[in-house]
Amino acid sequence: MIYHFTVLFSIIISITCQQNEDIVECNNQDLSQHYLDKTNPNEQEQFAYKILHEYDRNLTTLAYITASAEFETHLHLNDTSKTRATEKYYDAYRNCLKTVAIIGKQLKNLIDDPNASLRWLLIRTQAIGDAAQNDTKTKFDMQKLKARIKEIYHQKFIWNNTRITIDEVQEIMGGLKSPDDLLSLWKATYDVPAPMRDHYSELIALQNQQAKQNHMNDRSEAMTTAEERRLVEQLWQELKPLHDLVHAYVRQQMVQMYPGHVQLDQPIPLHLTRDLFGTMLTYLEHDILPFPDIEGIDLGPAMKRKNFTEENIFQYADDFFVALNLTRAPSRFWNLSIFKKTPNRHMACHPAAFDMYKYDDVRIRMCTSVTSRDFYVVHHEMGHIQHYLQYKNLPFWFRRSPHGAFSEGIGDAIALAAMSPTHLKRIGLLENYSSSKEDNIKFLVSQALSRLFLPPYAYALELWRWSVYNGSILPSEYNKRYWDLICQYQGMKPPEVRGERYFDAGTKLHIAFDLTYLKYFLAHVFQFQIFDVLCHEAGNRGPLHLCDLHGSVAAGKKLKVLLGMGSSKPWEDILEEFAGVKTFSAKSCLKYFQPLRDYLEKLVADGQLHVGWKCENNGFSTRSFIPTTIWLILILKFILSNIFFPL
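Bear in mind the structure is a predicted one, so any value in this text is a computation, not a measurement.

Engineer: Would you mind showing me how to read the overall build of the protein here?
Structural biologist: Counting secondary structure elements, the protein contains 28 helices and 9 strands. Looking at the protein as a whole, 57% of its 647 residues qualify as buried. Taking contacts inside the protein between residues at least 6 apart in sequence as the whole, the part at least 24 apart equals 74%. Surface exposure of the protein reaches about 27300 Å², of which carbon and sulfur atoms provide 52%.

The following block contains the structure:
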């Protein structure tokens, strides 16, 4: 397909988007700055509208081809021909985005003019495409290194006479209880990425070289901003006292579960959490929830009694959105998604949602199990699907989340609503829930296990990565410094000393695949902000954790505002329109867990809970200040209560 436009200012531009072996290729355009400087803003805007419209149509086709190939590749990891084809499509896709980004950059006058109607659209072309200068050899070398690192990540290893991949470990790990079994599986898994180490340090060097060519100090400046780092640090300081209280409670219960393996003043051995990264501790629920005489929330048995299939969980999630007067998943979703692992096939199992960009085609690939954990995960992934469906009619440039935390936070907020005891009772998956104080504390501990342990891990992981990029962590100390940060922020440690021949950070997909993880920190905060706003719209007057959104058209209408705008405005403006504020806040998270915080602080005051830990490797200790902080909070509460409510 070849499109020609004769522009008002006498430039003839040929947009060539050619079909070549089922790839749409976009030719590079070299606009004459001399002519651009001679035209007025209105003429430039007309030109930009025309050229972006054609690129919109053809990029949508290219995105569909690329996404389809990627989806198939994930289902056939042993098929190298599919992998090569996907890489070829992605290369064409990135080149086309780069072409548009360069054209947008040349229309600098419109970007710099705050009154230009196309200003935000042109800014989005810069955000999506890479207009930076890239050395061809450097780019090729980086692609080879990334491909090799991904190959190592997907390599199968043998544990207990079974060949498995890293992506398959979590479900197995969750079913283990023996410390010896957990240790052997953990070690076998964390040994996999060791060969990545040298490739990773080479990749970092090349990425930093490329960053310097584009006037940055190092590549971390392309991943985040100083303002975002300040925001994350502020949010973490607000969340930390709550996290440390829950950490202390979990550790105290684990001392009884694993005597001799867990100590009251030490970090928690990571493998005993039965979570590969210690970020979602739901597999510990049966053993550590308080008030054992009161029945807790375990959806697995309830779903099995109702003969749930994996697909049934997705149908329940779909019904949740329909009850809010939102969009039902189209037939293509049910026909083309993968809900469970295909036997005897080497395939990716990490839950993922796909926007295919055409034909109402949205999909999920997930190796689902009928458990409480996956009931939560399915609702999260279906939140992504609903996001895609709501912004599907926007131009290509806006069919994205305005900030990584939005998409993840929306999914988490939906999962939060789905796990409300009130909602679970309504849909028949929860019985005998009386909403007593004990019931509520038990539920909030369960929620804390799934939501309060990821933020410190995400922050530690990104601090490690930023420090690797800026050179303050050298390749010779990758592993030590990684575990130092995990201990400092997460309060966890490896089951044994891990030397520098390992590359334990690479066990995380987001390191191996060079994907940012900070958005998950922000999303874990933002989910409560979203939930709080929606519950207000739904007329909730009780505790936030008991809010049920089911059937609230008002809440659905409000959610549609957040979902439907895609990235058509700056994220701060969308957030202000939705929540009345222009930044992320931890207030709603603290509000949600306030009854649990009060309960745990009383245990501390009564001497029943020891807060804090010591990190032996680097001498960092939270024991010196965490208990003091808790005591100061309690003393202040006592003083204020006697001022305003004297005895």
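Read on, since the account is not over.
Engineer: Would you mind going over the UniProt feature "binding site: Zn(2+) 2" (unreviewed entry) in the protein with me for this structure?
Structural biologist: If you check UniProt for "binding site: Zn(2+) 2" (unreviewed entry), the listed places come out as His 380, His 384 and Glu 408 in our numbering. In terms of the greatest pairwise C-alpha distance, the residues named above, spread along 29 residues, form a tight cluster of at most 7.9 Å across. Overall, the relative accessible area of 9% leaves His 380 in the buried class. Discounting residues that sit within four places of it in the chain, His 380 has contacts with Glu 408, Gly 411, Asp 412 and Ala 415. Within the element layout of this structure, His 384 appears in helix H16 (residues 372–390). We classify His 384 as buried; its relative accessible area is 5%. Those residues in contact with His 384 that lie beyond four places of it in its chain are Ala 353, Ser 407 and Glu 408. A polar contact is formed between the side chain of His 384 and the side chain of His 380, at a distance of 3.1 Å.

Engineer: How do you make sense of helix H20 (residues 454–470) when you look at a structure like this?
Structural biologist: For an α-helix, 3.6 residues make a turn, and residues three or four places apart therefore share a direction. Under the 1.5 Å per step criterion, the end-to-end length of H20 is 24 Å for 17 residues, consistent within 8% with the ideal 24 Å. Extensive coverage of H20 is indicated by the burial of 16 of its 17 residues. After H20 finishes, the residue Gly 471 shows a positive phi value of roughly 90°.

Engineer: Please explain the state of the cysteines as it appears in this structure.
Structural biologist: Two cysteines whose sulfur atoms are joined by a covalent bond form what is called a disulfide. Scanning the entire structure with this criterion turns up 3 disulfides. Residue pairing for Cys 487: its cysteine sulfur links by disulfide to Cys 615, the two sulfurs lying 1.9 Å apart. Taking the torsion about the S-S bond as the criterion, the Cys 487 to Cys 615 disulfide, at about -100°, is left-handed. Residue Cys 487 is located in helix H21 (residues 478–490), and its partner Cys 615 is located in the loop between helix H27 (594–605) and helix H28 (626–644); the two are separated by 128 residues in the primary sequence. An identical accessibility class is assigned to Cys 487 and Cys 615; each is buried.

Engineer: Explain the pattern of salt bridges here, please?
Structural biologist: Two side chains that carry opposite charge are able to pair once their charged atoms sit near each other. One pass over the structure, following the stated rule, counts 31 salt bridges. With a shortest N-O distance of 3.6 Å, Asp 287 and Arg 274 are connected by a salt bridge. Here the residue Asp 287 occupies a position in helix H12 (residues 285–288), and Arg 274 occupies one in the loop between strand S6 (268–269) and H12, the gap between them amounting to 13 residues. A residue is classified by how much of its surface remains accessible, and Arg 274, at 6% relative accessible area, is buried. Notably, a salt bridge pairs Lys 480 with Asp 484, separated by 2.8 Å at the nearest N-O pair.

Engineer: Looking at this model, I keep getting lost on the environment of Gln 386. Mind explaining?
Structural biologist: By the secondary structure assignment, Gln 386 is in helix H16. When the C-alpha atoms of Gln 386 and Lys 560 are compared, they prove to be 9.4 Å apart, with 174 residues separating the residues in sequence. Sequence-distant contacts of Gln 386, that is, excluding residues within four places in its chain, are made with Phe 321, Leu 326, Thr 327 and Leu 563.

Engineer: Would you mind going over the environment of Arg 465 with me for this structure?
Structural biologist: Note that Arg 465 resides in helix H20. Given the relative accessible area of 0%, Arg 465 is considered buried. On a C-alpha basis, the gap between Arg 465 and Ser 220 in space is 8.0 Å, while along the polypeptide they are 245 residues apart. At 2.9 Å, the side chain of Arg 465 forms a polar contact with the side chain of Glu 462. Reaching out from Arg 465, the side chain makes a polar contact with the backbone oxygen of His 510 at a distance of 3.1 Å.

The rules behind these values
- Residues numbered from 1 in each chain as written.
- Predicted model: local features only at pLDDT ≥ 70, side-chain atom pairs only at ≥ 80, totals over all residues.
- Heavy atoms only, no water.
- Helix = DSSP H or I, 4+ residues; strand = E, 2+ residues; numbered from the N terminus.
- Buried < 20%, exposed > 50% of the residue type's maximum accessible area, 1.4 Å probe, protein only.
- Contact = heavy atoms within 4.5 Å.
- Areas by Shrake-Rupley, 256 points an atom, 1.4 Å probe, with all protein chains shown as cover.
- UniProt positions renumbered as here; feature names shortened; annotations may be inferred.
- Polar contact = N/O pair within 3.5 Å; in protein donor to acceptor, adjacent residues only side chain to side chain.
- Expected span 1.5 Å × (residues − 1).
- Disulfide = S-S within 2.5 Å.
- Salt bridge = Lys/Arg side-chain N within 4 Å of Asp/Glu carboxyl O.

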